[in-house]
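Coordinate analysis (summary)
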Amino acid sequence: MKLILGIFFVLLAGCGNAADAPADIECEITFDILDACQYQGTKISLVTEGLAVDEKKLVKLKVDRNGRRHVLSITPDTSILAGDKGYILFEDVNFDGTPDLAVSTSFGLVNQYLDYWVYDKANDKYVYLGNHARFSLNAKDKTLSNEVKINAATYDRNTYSWDSGVLKRVDK
């Protein structure tokens, strides 16, 4: 019993600052599970086309946000095979307090790439940010970073920051 209580308090302590930042939500997608994903009034459905018995092409995201439909095209030639696993993400990549969107575009590879869209509140639309290796967010200094494995011994480490609404790579 003491062990269970100890684990509970350790987990609880790790959640101390969760209220300070918007939650990041990750919905898993697989060849067989391409159901809608939703968070804070935003619902996302994947549109696919069958390519083969064991392959589906990911074509677009239908995003219903506050009664408005947005249709976002996914990077061409993105397909998911039986056994693959990917994600739809709600992450605040521009640190404005509103979750943005991302969807996996590579499966079963060393480097996970995603299409990213930033929500533009002023114009009530999603703006395509690009196809990037999965970002790690650092809310403290408002930077994004990712790491791309080039070969067995070489990695390309990237850090990005926002400059007047534009994501720019910075040297660190």
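Definitions and limits used
Residues numbered from 1 in each chain as written. Predicted model: local features only at pLDDT ≥ 70, side-chain atom pairs only at ≥ 80, totals over all residues. Heavy atoms only, no water. Disulfide = S-S within 2.5 Å. Helix = DSSP H or I, 4+ residues; strand = E, 2+ residues; numbered from the N terminus. Buried < 20%, exposed > 50% of the residue type's maximum accessible area, 1.4 Å probe, protein only. Pairing = 2+ DSSP bridges. Axes fitted to C-alpha atoms, helices over the stretch in contact; angles between N-to-C directions. Lys, Arg positive; Asp, Glu negative; His and termini not counted. Salt bridge = Lys/Arg side-chain N within 4 Å of Asp/Glu carboxyl O. Polar contact = N/O pair within 3.5 Å; in protein donor to acceptor, adjacent residues only side chain to side chain.

Some details on the state of the cysteines
By definition, a disulfide links the sulfur atoms of two cysteine residues through a covalent bond. Enumeration according to the criterion identifies one disulfide in this entry. For Cys27, the disulfide goes to Cys37, at an S-S distance of 1.8 Å. Disulfide Cys27-Cys37: torsion about the S-S bond near 65°, hence right-handed. One end of the pair, Cys27, is in strand β1 (residues 25-30); the other, Cys37, is in strand β2 (residues 37-39), and 10 residues separate them in sequence. Overall, the relative accessible area of 18% leaves Cys27 in the buried class. When its relative accessible area of 2% is taken as the criterion, Cys37 is described as buried.

Examining the sheet that holds strand β8 (residues 100-104)
Strand pairs in the sheet, formed through backbone hydrogen bonds, run parallel or antiparallel to each other. Pairing is antiparallel in the open sheet, where five strands are placed in the order β1-β7-β8-β9-β10. Both outer strands of the open sheet, β1 and β10 (125-133), are each paired with one neighbouring strand and no more. With direction set aside, neighbouring strand axes in the sheet form an average angle of 20°. Note that β8 and strand β9 (residues 113-120) share four bridges and pair antiparallel. Its bridge partner lying in β9, Ser104 is registered against Leu114.

Comments concerning the side chain of Asp92
With respect to the secondary-structure elements, Asp92 resides in the loop between β7 (85-91) and β8. Of the buried charged residues, Asp92 lacks a salt bridge, with Lys142 as the closest side chain of opposite charge at 7.4 Å. Only 2.7 Å separates the side chain of Asp92 from the backbone nitrogen of Gly97, close enough to count as a polar contact.

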